[in-house]
Amino acid sequence: MDEVPKKDERRQILGDMPPEDFRRFGYRVIDWIADYLAHPERYPVLSQVKPGDILSHLPESAPDQPEDMEAVLQDFEQQILPGITHWNHPAFMAYFGITGSCPGILGELLASGLNVNAMLWRTSPAATELEQRAMDWLRQWVGLPATFEGVVYDTASISSLVAVAAARESVPGLAVREKGLAGSGDASRLRLYASEQAHSSIEKAAILAGIGRQGVRKIGTGADFRMDADALERAIEEDIASGWRPFCVVATVGTTSTTSIDPVPRIAALCARHRIWLHVDAAYGGCAAVLPEMRHVLDGCEEADSLVVNPHKWLFTPLDFSAFYSRKLSVVRQAFSLVPEYLKTPEDNQVRNFMDYGPQLGRRFRALKLWMIMRYFGLEGVRSRLREHIRLARLFASWVDDHPDFERCAPTPFSTICFRARLEKENASIQSQDALNEKLLEHVNATGRFFLSHTRLNGRLVLRMAIGNLRTTEAHVRGCWELLCEQAALIKRTAG
Ligand SMILES: *Cc1c(COP(=O)(O)O)cnc(C)c1O
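Residues numbered from 1 in each chain as written. Predicted model: local features only at pLDDT ≥ 70, side-chain atom pairs only at ≥ 80, totals over all residues. Heavy atoms only, no water.

### Focus on the site of the ligand
The environment of the ligand is made up of 14 residues, and the closest members are Ala156, Ser157, Asp281, Asn310 and Lys313. A distance of 2.6 Å is found between a nitrogen atom of the ligand and a side-chain nitrogen or oxygen belonging to Asp281. Lys313 places a polar side-chain atom, nitrogen or oxygen, 2.9 Å from an oxygen atom of the ligand. Coverage of the ligand by the protein amounts to 88% of the 390 Å² it exposes when considered alone. (Near = heavy atom within 4 Å. Polar contact = N/O pair within 3.5 Å; in protein donor to acceptor, adjacent residues only side chain to side chain. Areas by Shrake-Rupley, 256 points an atom, 1.4 Å probe, with all protein chains shown as cover.)

Take a look at the structure:
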């Protein structure tokens, strides 16, 4: 006795959520996000769950029958939220604050509503042309010359991988693209240089590009953690003399541990002399160049072959958005373009097809959110917010400098401070200093009120505070400082 399903039941069997339900739940979700962003401090910044807690509450298999969205949203709050570390929390000051903004969220929402694939110009002309335009706006904001053209990728790791692949492509007579590394003669002797403070993504890019870890030469840094350009010069000359083929240097503007800035003008001159591809990793630091008083951090970068800056690191853009620029985009295209019949279009030679500029075919419409963010805040709005972060960082650095129980461990050119607590005893061992700081970090993070991270400099444990959230105010920075002072005193007392 087959019955014809009633209208409501049919909806459950075929098609998408009914528009009126989408509207209702859509309003609910936006309301939830608005309340959440109004008070992210209601949650502990660092999730308090133990490994496996979330997993154990999730059924082992997906439902056979449709479930009510009401119930799904309830479970989001009850089962998922406890396992969230709140990057939006104003006291999230670990790593680099990947912080979004409301215009960015609206951009993401519209992009996912449209759900276009920005692989070819014709698969959404606006997605391609807005990407060209928004990337050019950002280029002007950070002050790169008009010879640089942009492509959006998900992360700096991928941007740098693309740069290394392009650098490899530009080596005359190699033909790795056609013959592979094994068939390319001296490809096994390709050498890439980066400072010992460079991001791990550079070495990963070298691994993926077949350069291998042995093909990466790490250059030492001085007391201020900047690449030693003399050492780079010696390394290149030594390598050439012993049969290596230097093909790529990666300079960093704003290293991940200390935010140090490599001497790009000198490095660029060396690269020009030896015809080496210069890639600049300015994932975090490049954002600051939007400020005229910080524009100097990109000095010399106009000579680079490629550069990456991540709006998702410090320009209020929700994850993910990495801006890759190159003066030689044709080389990038040469490295990656491979067009099967079914992706050929009549307008191929009049337009940019972004699928030609990287390993991926499908591409999200990321430009929409950046365009909305740039228009909503405007250049001056972005500048005042960046300035405030830098002011807060300098204020915190001054408290550290003035306190007998603390010391700063690196210069603070941006909004990230490296510091540690110290035992006054002259003969205190490195181990006991490290133990003190490890405990201090644990205590501060366990409160759920603040989240800091650490690094190791010259073998010693160092605490890091990175300020980049739109919601972080002086009160949060001061609160964290007071807690640090209080806890450091406590640990020292109990340690006797
Ligand atoms: C964060 C960071 C990266 C990696 O960025 P992703 O976008 O997460 O891949 C690379 N380089 C530097 C200097 C960074 O600070």
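The structure having been displayed, the exposition proceeds.
### Points about helix H16 (residues 474-494)
Relative to the 30 Å expected for 21 residues at 1.5 Å per residue, H16 spans 30 Å between its end C-alpha atoms, a close match to the ideal helical length. All buried positions along H16 are accounted for by His476, Val477, Gly479, Cys480, Trp481, Leu483, Leu484, Cys485, Gln487, Ala488, Ile491 and Lys492. (Helix = DSSP H or I, 4+ residues; strand = E, 2+ residues; numbered from the N terminus. Expected span 1.5 Å × (residues − 1). Buried < 20%, exposed > 50% of the residue type's maximum accessible area, 1.4 Å probe, protein only.)

### Topic: the sheet that holds strand S10 (residues 453-457)
Sheet architecture is open: four strands sit in the order S8-S9-S11-S10, paired in antiparallel fashion. Each edge of the open sheet is held by one strand with a lone partner, namely strand S8 (406-408) and S10. Taken pair by pair, the neighbouring strands of this sheet meet at an average axis angle of 40°, ignoring direction. Bridge count for S10 against strand S11 (residues 460-466) is five bridges, and the pairing is antiparallel. If you follow Thr455 over to S11, its bridge partner there is Val462. Where helix H15 (residues 430-446) meets the sheet, its contacts fall on S8, strand S9 (416-421), S10 and S11, and the angle it forms with S11 comes to roughly 30°. Strands S8, S9 and S11 of the sheet are contacted by H16, whose axis makes an angle of about 130° with S8. (Pairing = 2+ DSSP bridges. Axes fitted to C-alpha atoms, helices over the stretch in contact; angles between N-to-C directions. Contact = heavy atoms within 4.5 Å.)

### A closer look at the sheet that holds strand S2 (residues 190-195)
Taken in spatial order, the seven strands make up an open sheet running S1-S7-S6-S5-S4-S2-S3, and their pairing is mixed. A single partner strand is all that each edge strand has here, and the edge strands are strand S1 (149-153) and strand S3 (216-219). Each neighbouring strand pair of the sheet contributes to a mean axis angle of 20°, computed without reference to strand direction. Bridge analysis of S2 against S3 gives four bridges, and the strand direction is parallel. In the strand pairing of S3, Ala194 is matched with Lys218. Sitting on the sheet, helix H10 (residues 229-241) touches S2, S3 and strand S4 (245-252), and the angle it makes with S3 is about 150°. Sheet strands in contact with helix H11 (residues 264-274) are S4 and strand S5 (277-281), and its direction is about 160° off that of S5.

### Details of the domain arrangement of the protein
Assigned domains of the protein: these are domain 1 (117-364) and domain 2 (374-495). Distance from the C-alpha centre of domain 1 to the C-alpha centre of domain 2: 31 Å. Counting from both sides, the interface comprises 27 residues of domain 1 and, opposite them, 28 residues of domain 2. The largest contributions to the domain 1 side of the interface with domain 2 come from Trp141, Trp314 and Phe316, which together make up 32% of the buried area. When the shortest N-O distance is used, the salt bridge between Arg387 and Glu293 registers 2.6 Å. Taken together, domain 1 and domain 2 are joined by eight residue pairs in polar contact (both at pLDDT 80 or more). With four residues, the single largest contributor to the side of domain 1 that touches domain 2 is helix H6 (residues 125-142). Residues belonging to the side of domain 1 that touches domain 2 are distributed by class as follows: 18 nonpolar, seven polar and two charged. (Domains from an automatic or database assignment. Buried area = accessible area lost by both parts, 1.4 Å probe. Salt bridge = Lys/Arg side-chain N within 4 Å of Asp/Glu carboxyl O. Nonpolar A, V, L, I, M, F, W, Y, C, P; charged D, E, K, R; others polar.)

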